[in-house]
Amino acid sequence: MRLTEQQVRALYGQDVQDRSGTKIGSVARVWADAAGEPTWVSVKTGMMGHHETMAPLTGAGMAEGRVTVPYDKATVKSAPTVDAGTNQPLDADQLAQLYRHYQLQQQERPPQRTPGSPELTRSEERLRVGTESQPAGTARLRKQVVTEDVHTIVPIEHDEVRVVHEPITEANRGDIRPDIRDEQREMELRAERPVVSKEQVPVERVRLAKDEVVEEQPIDEQVRRERIDAEVPEPARRRR
């Protein structure tokens, strides 16, 4: 595929589609053969990683900002890869793997990345915040015996003696014989006293329960990013 330098530069960033029109990714780099003709492109497939998939320009079509390769998406995505942003030419082993994968006739010399416009890759750090589980202490149930004072009131009974005088009347005088002498009578008296006993009874069950609580915690961190400044001589600066 013969392309002008302007067309080669225009390839960068264009969508890459398979033969059915399904998008595979976008052009990251253009690679030339030994004669300087562009023959391969490395494709960023959108997956987070440090590799780009290689696809041939042989038989590819270009129209309206996209490149259509004569292969299906699975074939391109399973092709050998190169490191993202590399400027190193493909070695013989990498090139042999590519030609075998796409069933193409192998060239004698490995392709080189086309020079294109001078460029730098600007990178920056992205903050990835996640969570991890770690011990936060141990909860325990401990049972101890403590002593406390209990005040209560219990009713008790006891006998009290009172003297009752009953006069002898004419009606019952005949039933009683007078007998003047020393004599005594006894009455057994009873009294209750408090008696304390103790019994052990279960009163409640106590257990530990765990609830997961989600709360927001602020994160303050620093990330680095690159800034690219262009130094252009005054006569070569574009006038706006």
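Residues numbered from 1 in each chain as written. Predicted model: local features only at pLDDT ≥ 70, side-chain atom pairs only at ≥ 80, totals over all residues. Heavy atoms only, no water.

Draft legend 1. Examining the overall build of the chain more closely. Along the backbone of the chain there are 3 helices and 8 strands. Ordered by position in the sequence, the α and β elements of the chain form the string α-β-β-β-β-β-β-α-β-α-β. The C-alpha radius of gyration computed for the chain amounts to 52 Å, which surpasses the reference 18 Å derived for 240 residues by more than 25%, pointing to a less compact arrangement than a globule. Going through the 240 residues of the chain one by one, you find that 19% of them count as buried. (Helix = DSSP H or I, 4+ residues; strand = E, 2+ residues; numbered from the N terminus. Rg over C-alpha atoms; globule rule 2.2 N^0.38 Å. Buried < 20%, exposed > 50% of the residue type's maximum accessible area, 1.4 Å probe, protein only.)

Draft legend 2. Layout of the pattern of salt bridges. Tallied over the full model, the rule gives 10 salt bridges. Between R9 and E5 there is a salt bridge, and its shortest N-O distance comes to 2.2 Å. Taken together, the positions of R9 and E5, both in helix α1 (residues 5–11) and 4 residues apart, correspond to about one turn of that helix. E188 is paired through a salt bridge with R190; the nearest N and O atoms lie 3.9 Å apart. The exposure classification of E188 matches that of R190, with both residues exposed. Sharing partners across several salt bridges, the network here consists of D179, R181, E183 and R185. (Salt bridge = Lys/Arg side-chain N within 4 Å of Asp/Glu carboxyl O.)

Draft legend 3. Focus on the nonpolar core. With 26 residues, the main nonpolar core has W40, V69 and Y102 as its most contacted residues. Those elements that place two or more of their residues in this core are α1, β2 (23–32), β3 (38–44), β4 (51–56) and α3 (92–102). (Core = buried A, V, L, I, M, F, W, Y, C linked by side-chain atoms within 4.5 Å.)

Draft legend 4. A look at a negative patch on the surface. A cluster of acidic side chains, namely E157, D159, E160 and E192, defines a negative patch on the protein surface. According to the relative accessible area criterion, E157 is exposed, its value standing at 58%. (Patch = residues over 30% accessible without salt bridge, like charges linked within 9 Å, V, L, I, M, F, W, Y side chains within 5 Å. Areas by Shrake-Rupley, 256 points an atom, 1.4 Å probe, with all protein chains shown as cover. Lys, Arg positive; Asp, Glu negative; His and termini not counted. Charge placed at Lys NZ, Arg CZ, Asp CG, Glu CD.)

Draft legend 5. Layout of the environment of V206. Structurally, V206 is set in the segment after β8 (112–113). A relative accessible area of 55% places V206 in the exposed class. Sequence separation of V206 and Q103 is 103 residues, and the distance between their C-alpha atoms is 74 Å.

Draft legend 6. Fine view of α3. Those residues of α3 not exposed but buried are L95, A96, L98, Y99 and Y102. Along the axis of α3, the buried positions cluster into a sector of 160°, meaning they face one direction only. Among the exposed residues of α3, those oriented more than 90 degrees off its buried face are D93 and R100. Buried residues along α3 sit in contact with β3, β4 and α2 (73–77). Two or three places before D93, at the start of α3, stands the capping residue D91, its side-chain oxygen 3.2 Å from that residue's backbone nitrogen. Where α3 terminates, the next one or two residues include Q103, which has phi positive at roughly 55°. (Arc of directions from axis to C-beta. Contact = heavy atoms within 4.5 Å. Polar contact = N/O pair within 3.5 Å; in protein donor to acceptor, adjacent residues only side chain to side chain.)

Draft legend 7. Seen up close, the packing of aromatic side chains. In this structure the tally under the stated criterion is 3 aromatic pairs. Taking the centre distance of 6.0 Å and the plane angle of 55° together, the rings of W40 and Y102 count as tilted. Of this pair, W40 sits in strand β3 while Y102 sits in helix α3; the two residues are 62 residues apart in sequence, bridging distant segments of the chain. By relative accessible area, W40 is classed as buried at 1%. (Phe/Tyr/Trp six-rings, centres within 6.5 Å; stacked < 30°, edge-to-face > 60°.)

Draft legend 8. Local environment of a nonpolar patch on the surface. The grouping of L127, V129, I219 and V223 at the surface amounts to a nonpolar patch, some 370 Å² of accessible area in total. In this fold, V223 is placed in the segment after β8. Among the residues examined, V223 registers a relative accessible area of 45% and is labelled partly exposed.

Draft legend 9. Representation of the environment of I156. When you line up the elements, I156 lands in the segment after β8. Spatially, the C-alpha atoms of I156 and Q7 are 115 Å apart, while their sequence positions differ by 149 residues. Excluding its chain neighbours within four sequence positions, the residues that come into contact with I156 are E192, R193 and P194.

Draft legend 10. Representation of the pairing of β4 in the model. Burial analysis of β4 places 5 of its 6 residues in the buried class, which makes it a mostly covered element. Bridge count between β3 and β4: 4 bridges; the pairing is antiparallel. Considered in β4, the bridge of W40 is made with P56. Looking at chain direction, β4 and strand β7 (residues 81–83) are connected through 3 bridges and run antiparallel. Paired with H51 across the strands is D83, a residue of β7. (Pairing = 2+ DSSP bridges.)

Remember, this is a structural readout, not a statement about activity or role.
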